[in-house]
Amino acid sequence: MTDINQLLENNKNWSESTKEADPDFFDKLSKRQRPEYLWIGCSDSRVPANQIVGLIPGDIFVHRNVANLVVHTDFNCLSVLQYAVDVLKVKHVIVCGHYGCGGIDAALQNQQLGLIDNWLGHIKDIAYKHRSELDGLDATQKSARLCELNVLEQAANVRRSNIVKDAISRGQDLTIHSWIYSLRNGRLKDLTKIDE
Ligand code: CO
């Protein structure tokens, strides 16, 4: 484990090297942010939004929670979505899950973990909805498929939100994407596209 002081030291080095590469970097960014993308992803430490899509600070607005859920009564996620769509006017909302998601596996295995069980109940609902497809799969395939189905369901929740419906009806340029990330090879896949 890295010493906590090392993080502050890393930050100092990063700040200095960033300024060296672009002396105006922090000046420009401190005045305003104009990201074109909203990322709704998992809190998993192995799926850092900016890094895996090669974007620098200022380029992507991020919301992360366990298993990248978009719950209609979650004012945290909805507030991020509303601000991103109505105020920042992002052009793309990316819902990104990942294979091997601990939240998905915990929901599948019915583990008792405490408060988070209620949160994971949303995933159990999705597993139940798609039980006829999932029941025919082995444990590994089931986990992977539920990770995918969860992304598709959460993207559908984004589309169903009054925030997105209102934006689309007033002609705002906005596209919702369903992506999944592989921890094994670091690659993203668009779930709405046929496998290559
Ligand atoms: Co996860």
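Here, the structure is the one placed above.
Predicted, not measured: the structure shown is a model, and the values here were computed from it.

The rules behind each value
Residues numbered from 1 in each chain as written. Predicted model: local features only at pLDDT ≥ 70, side-chain atom pairs only at ≥ 80, totals over all residues. Heavy atoms only, no water. 1 Å grid on protein atoms, 1.4 Å probe; cavity = no way out; pocket = protein on both sides within 12 Å on 5 of 7 lines; lining within 4 Å. Points joined across faces, edges and corners; volume = space filled by probe spheres on them. Nonpolar A, V, L, I, M, F, W, Y, C, P; charged D, E, K, R; others polar. Buried < 20%, exposed > 50% of the residue type's maximum accessible area, 1.4 Å probe, protein only. Helix = DSSP H or I, 4+ residues; strand = E, 2+ residues; numbered from the N terminus. Pairing = 2+ DSSP bridges.

Student: Just give me the short version of the layout of surface pockets, but keep the residues and values in it.
Tutor: In this approach, a probe sized like a water molecule rolls over the atoms, and the result shows the empty space that is left. In this model, the second largest pocket occupies a volume close to 200 Å³. Taken together, Tyr99, Gly100, Thr140, Gln141, Ser143, Ala144, Ser182, Leu183 and Arg184 form the lining of the second largest pocket. Along the lines of polarity and charge, the residues of the lining of the second largest pocket split into three nonpolar, five polar and one charged.

Student: Describe in detail the pairing of strand E1 (residues 37-42), supporting the description with residues and values.
Tutor: Along E1, five of the six residues are buried, which leaves the element largely enclosed by surrounding structure. As paired elements, E1 and strand E2 (residues 60-65) share six bridges and run parallel to each other. Considered in E2, the bridge of Trp39 is made with Val62. One ladder, built from five bridges, connects E1 with strand E3 (residues 92-98); its direction is parallel. Paired with Tyr37 across the two strands is His92, which belongs to E3.

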